[in-house]
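# An overview of the molecular structure
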Amino acid sequence: MKTHPNYQADPAPPLLSAARVQKERRVGARRSAEADYRSLFENAVCGIYRDALDGTPVRCNPALAALNGYASEAEYISAVSGAHGAWYVNPARGAQFRELMLSEGRVRDFVSEVYRHRSREKFWITENAWHVRDVDGNPIFIEGTIQDATERITTMAIVERQANIDSLTGVASRFKFMNTLHEQSLDGAEGCALFSIDLDRFKEVNDTLGHAAGDFVLCRTAERLQAIADGQGLVARLGGDEFALLLPGIYAGAPLKNLAAKIISAMREPVQINGQNLMVGASVGIASFPLHAENDEELLANADLALYSAKLAGRSGFCLFDADLRMAGQHNKALENELRAAIVGGELELHYQPIVDGSTGAVQCFEALMRWNHKSRGLLMPSQFIPLAEEAGLMTDLGNWAISRACEQAVVLPEHIKIAVNVSPNQFRSANISSTLRRVLAETGLDPARLILEITESVILTSEMIADRVLSEIQSLGVQLALDDFGTGYSSLSYLQRYAFNKVKIDRTFVAGMFEKKANFAIVRAILGIGRDLGIGIVAEGIEKIEQAEALRDEGCVLMQGYLFGRPKALNEIVCDLAVQELAEIQITAPETLGQRRSWR
């Protein structure tokens, strides 16, 4: 191939030095990095800033400007000066930020409540910041990132509230209570007093009227305790119907008892639900630190022991812890376990006390009274184990056993003699008492008219609506009803008007004081008059003296019960008495009438 004579080749490009190539590459890399950084800076969701060491803003990205209510970086910088000094809602928080920067050169996850610069609206942020240093290591700027933490803090606050506040009642939760108790027990100089509070009839309300009614009672209880505390202590709901009042300070003796009495009085006030008054009440156990315990766990345990003792002694009472309670608590727990075994192990039995015609001495009825034939302690009276059974939730089991056993044994007695069985409030309000009666009567073949169920006014007090239904169901079976301990409750006369009781029993306290207090005799006379007018049989119980029997007879009392006429006996002894008297007119105590006083002595 020939080259044109006028052709000249292009000159070769000059060769680049290696140094120049490296320089251009570095420049390109720097520009690329700057572009990447600017993209991140401009488009980052979180706020990014650079401030002078005194807090004066130097740079900020659009997110930070928007976070503070501004449209651009320039607008933000021109409007804001000394941002950290005027930003924090709590100025001390700004001081803490500066101290951390001076001492450590950075902060991490620094959560604070701040103002939006433009609107002064409060919100929460989390901040990370660090020093930018010169070649000598001296700080020249502060850079950092800021994120809106309002949602996070709100969520944390909700979680904390849920952990510390009982959602139903609004008082402190068990978690909050335990933390506070621990903190106060660490301070032996200040001390604290703990009141453990347990509602007495809450389960019956919850079971019979429903959870809505139970929740209402719990809320009213919390309100009353808050009013008593009056901002001086911590009221907490520990769970179910258990509450606690924790008071800071050193307490002992009378002040503790006075406050416990005030709590019990407040809890006795009726709670009105759907137009009816519910009587609940409460028991209280008391212990104080450091008098009764060395730490929070021991204080709580000792207050619970005192509460347990208060409930065993009778409802709506209080007990102040002492050293003997610990041993008693261990004893009662062991006894409770033994009682559970006794119910199925055949250790329980019924003894029968006669109710007689006061003029002739003829037995009209036997009242069934429970006894526990304990393997090592012998025959135990009801007062020695019934309170324990109530606290342990065993009364329905005991009551159902008593009804079944009494009906089985009644069939061997003459047909004109009735049998009376006491029914506890728990058993009465249980869902199956009517079906239990129906089953037992069918199995034993006992004439329902021979069975009398004795109930106290406290059975009705918790819920009159439930009483209406259950009493109606019982009487529809042909079973008779007696109102026990009449005159000691709240609304006795209204109950006689509202419910068709077959018998009313005058409480023994009125009979015992007939001659010592005129008021007692007047009450007895009035009850007997009401019984005559309403056609209700009146039984005077607790008669131990012939003078009492004669005075009652003169006032028209027919039915009488007490040691004067006979102590409770086992069935075999009753049967023997009947056999000796050849099933004639049964006169357990004496064949003579009350008019022949010599034979009664």
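Report follows, based on the coordinates. (Residues numbered from 1 in each chain as written. Predicted model: local features only at pLDDT ≥ 70, side-chain atom pairs only at ≥ 80, totals over all residues. Heavy atoms only, no water.)

## Quick look at helix α10 (residues 254–268)
Using the following cut-off: A run of DSSP states H or I qualifies as a helix once it reaches four residues; a run of E qualifies as a strand once it reaches two. Both are numbered from the N-terminal end. Residue count minus one, scaled by 1.5 Å, sets the expected span of a helix. Categorising residues by exposure relies on relative accessible area from a 1.4 Å probe, with only protein chains included: less than 20% of the type maximum marks a residue as buried, more than 50% marks it as exposed, and the intermediate range marks it as partly exposed. Here, the arc refers to the directions that run from the helix axis to the C-beta atoms. Note on definitions: a residue-residue contact is assigned when non-hydrogen atoms from the two residues lie within 4.5 Å.
For α10, spanning 15 residues, the distance from its first C-alpha to its last is 21 Å, which sits close to the expected 21 Å at 1.5 Å a residue. Buried within α10 we find L256, L259, A260, I263, I264, A266 and M267. Burial along α10 is one-sided: seen end-on, the buried residues are contained in an arc of 160°. Packed against the buried residues of α10 are β6 (192–199), α9 (211–229), β8 (242–248), β11 (282–289) and β12 (318–320).

## Some thoughts on a nonpolar patch on the surface
Rules: Each patch groups residues whose relative accessible area exceeds 30% and which form no salt bridge, using 9 Å between like charges and 5 Å between nonpolar side chains of Val, Leu, Ile, Met, Phe, Trp and Tyr. All accessibility values rest on the Shrake-Rupley procedure with a 1.4 Å probe; residue burial counts only the protein chains present in the view. Salt-bridge detection follows one rule: a side-chain nitrogen of Lys or Arg within 4 Å of a carboxyl oxygen of Asp or Glu.
On the surface, a cluster of nonpolar side chains totalling about 220 Å² of accessible area is made up of V411, V412 and V575. Take V575: it is sitting in helix α23 (residues 571–580).

## Examining the side chain of N520
Structurally, N520 can be placed in helix α21 (residues 518–534). What makes N520 buried here is its relative accessible area of 12%. When near neighbours in sequence (up to four residues on either side) are disregarded, N520 contacts T509, F510, G513 and M514.

## Here we look at the environment of Q147
Looking at the element boundaries, Q147 is found in strand β5 (residues 139–148). On the accessibility criterion, Q147 (46% relative accessible area) is partly exposed. Considered as a pair, Q147 and G47 are 100 residues apart in the sequence and their alpha carbons are 6.3 Å apart. When neighbours within four sequence positions are excluded, Q147 is seen to be in contact with C46, W124, I125 and T126.

## Things to note about the nonpolar core
The following threshold applies: The term nonpolar core refers to a set of buried residues drawn from Ala, Val, Leu, Ile, Met, Phe, Trp, Tyr and Cys, joined through side-chain atoms within 4.5 Å.
One finds Y352, F428, L451, L453, I543 and L552 to be the most contacted residues of the largest nonpolar core, which totals 82 residues. Examining the composition of this core, we find that eight residues originate from one element, helix α14 (residues 395–410), more than from any other. Excluding residues within four positions of it along the chain, L552 makes contact with V511, M514, V524, L528, A540, I543, C557 and M560. Listed in part, the 33 residues of the second largest apolar core include F195, F202, V217 and V235.

## Quick word on the packing of α9 against α10
A pair of packed helices can be characterised by two numbers: the angle between their axes and the separation between those axes. Worth spelling out the cut-off: Where helices are involved, their axes are fitted lines through C-alpha atoms of the stretch in contact, as for all axes, and angles between N-to-C directions lie from 0 to 180°. Helix crossings are classified by the rotation of the near helix relative to the far one: an anticlockwise turn of less than a right angle makes the crossing left-handed, while a clockwise turn makes it right-handed. When residue character is reported, Ala, Val, Leu, Ile, Met, Phe, Trp, Tyr, Cys and Pro are called nonpolar, Asp, Glu, Lys and Arg charged, and the others, Gly included, polar.
Between α9 and α10, the least distance of the axes is 10 Å, while the angle of their chain directions is 145°. As α9 runs across α10, the sense of the crossing is right-handed. Facing α9, whose interface residues are T221, R224, L225 and I228, α10 presents L259, K262, I263, A266 and M267. Looking at the contact of α9 with α10 residue by residue, the classes come out as six nonpolar, one polar and two charged.

## So, the pairing of strand β17 (residues 451–456)
The condition that has to hold: Paired strands are those between which DSSP finds at least two bridges.
Among the six residues of β17, five are classified as buried, and the element is accordingly described as predominantly covered. In the sheet, strand β16 (residues 418–422) pairs with β17 via four bridges, with the strands oriented parallel. Within β17, the residue paired with N422 across the bridge is E454. Alignment of β17 against strand β18 (residues 480–486), held across five bridges, turns out to be parallel. Its bridge partner being in β18, T456 is matched across the sheet by D484.

## Side note on the pairing of β18
A large share of β18 lies buried, amounting to six of its seven residues. Examined bridge by bridge, β18 and strand β19 (residues 503–506) share three bridges and lie parallel to one another. Residue L483 lies in a different strand from β19, and its bridge partner there is V504.

## Here we look at the packing of aromatic side chains
Working definition: an aromatic ring pair is given by the centre-to-centre distance plus the angle between the planes. In plain terms, the rule: For Phe, Tyr and Trp, where Trp contributes only its six-membered ring, two rings pair if their centres lie within 6.5 Å, and the inter-plane angle classes them as stacked under 30 degrees, edge-to-face over 60, or tilted in between.
One pass over the structure, following the stated rule, counts eight aromatic pairs. On the basis of an interplanar angle of 70° and a centroid distance of 5.7 Å, the ring pair of F97 and F110 is categorised as edge-to-face. Separated by 13 residues along the polypeptide, F97 in helix α5 (residues 91–104) and F110 in strand β3 (residues 106–115) bring together distant segments of the chain. Summarising the burial analysis for this pair, F97 and F110 share the class buried. Considering the side-chain rings of W372 and F385, the 5.8 Å spacing of their centres and the 85° angle between planes classify their relative orientation as edge-to-face.

## Observations concerning the environment of L246
Relative to the elements of secondary structure, L246 occurs in strand β8. Along the primary structure L246 and F177 are separated by 69 residues, whereas in three dimensions their C-alpha atoms are 8.2 Å apart.

## Here we look at unusual backbone geometry
The peptide bond linking F289 to P290 adopts the cis configuration, its omega dihedral lying at 10°. On the secondary structure map, P290 appears in the loop between β11 and α11 (296–313). Positive phi is not limited to glycine here, since D230 has a value of about 55°. With respect to the element layout, D230 can be found in the loop between α9 and β7 (234–239). Positive phi values are uncommon outside glycine, yet D485 reaches one of about 55°. Tracing the sequence through the fold places D485 in strand β18. Overall, the relative accessible area of 26% leaves D485 in the partly exposed class.

## Comments concerning the pattern of salt bridges
Per the counting criterion, the structure on display carries 21 salt bridges. Residue R508 pairs with E541 through a salt bridge whose shortest N-O separation is 4.0 Å. Of this pair, R508 sits in helix α20 (residues 508–512) while E541 sits in the loop between β20 (537–540) and α22 (546–554), and the two are 33 residues apart along the sequence. Close ionic contact of R525 with E555 constitutes a salt bridge, the shortest N to O distance being 3.2 Å. Pair noted here: R525 is in helix α21 and E555 is in the loop between α22 and β21 (559–561), with a separation of 30 residues, a long-range link. By relative accessible area, which is 40% here, R525 ends up partly exposed. Note on E555: relative accessible area 23%, which makes it partly exposed. Among the charged side chains, a salt-bridge network with shared partners connects E367, E454, K505, R508 and E541.

## So, the environment of E336
Here E336 lies in helix α12 (residues 323–345). According to the relative accessible area criterion, E336 is buried, its value standing at 7%.

## Remarks on the sheet that holds strand β4 (residues 122–133)
Across the sheet, which stays open at both edges, the five strands sit in the order β2-β1-β5-β4-β3 with antiparallel pairing between neighbours. The strands lining the two open edges of the sheet, one partner per strand, are β2 (57–60) and β3. Sheet twist, expressed as the average angle between the axes of neighbouring strands with direction ignored, equals 30°. Of the strands in this sheet, β1 (47–51), β3, β4 and β5 are in contact with α5, which crosses β3 at around 165°.

## Some words on α22
Every buried residue belonging to α22 is among I546, Q548, A549, E550, A551 and L552, and all of these are buried. Structurally, α22 contributes buried residues whose contacts are with α20, α21, β20 and β21. Count one or two residues on from α22 and you reach G556, which has phi positive near 95°.

Everything listed is a geometric property; what it means functionally is a separate question.
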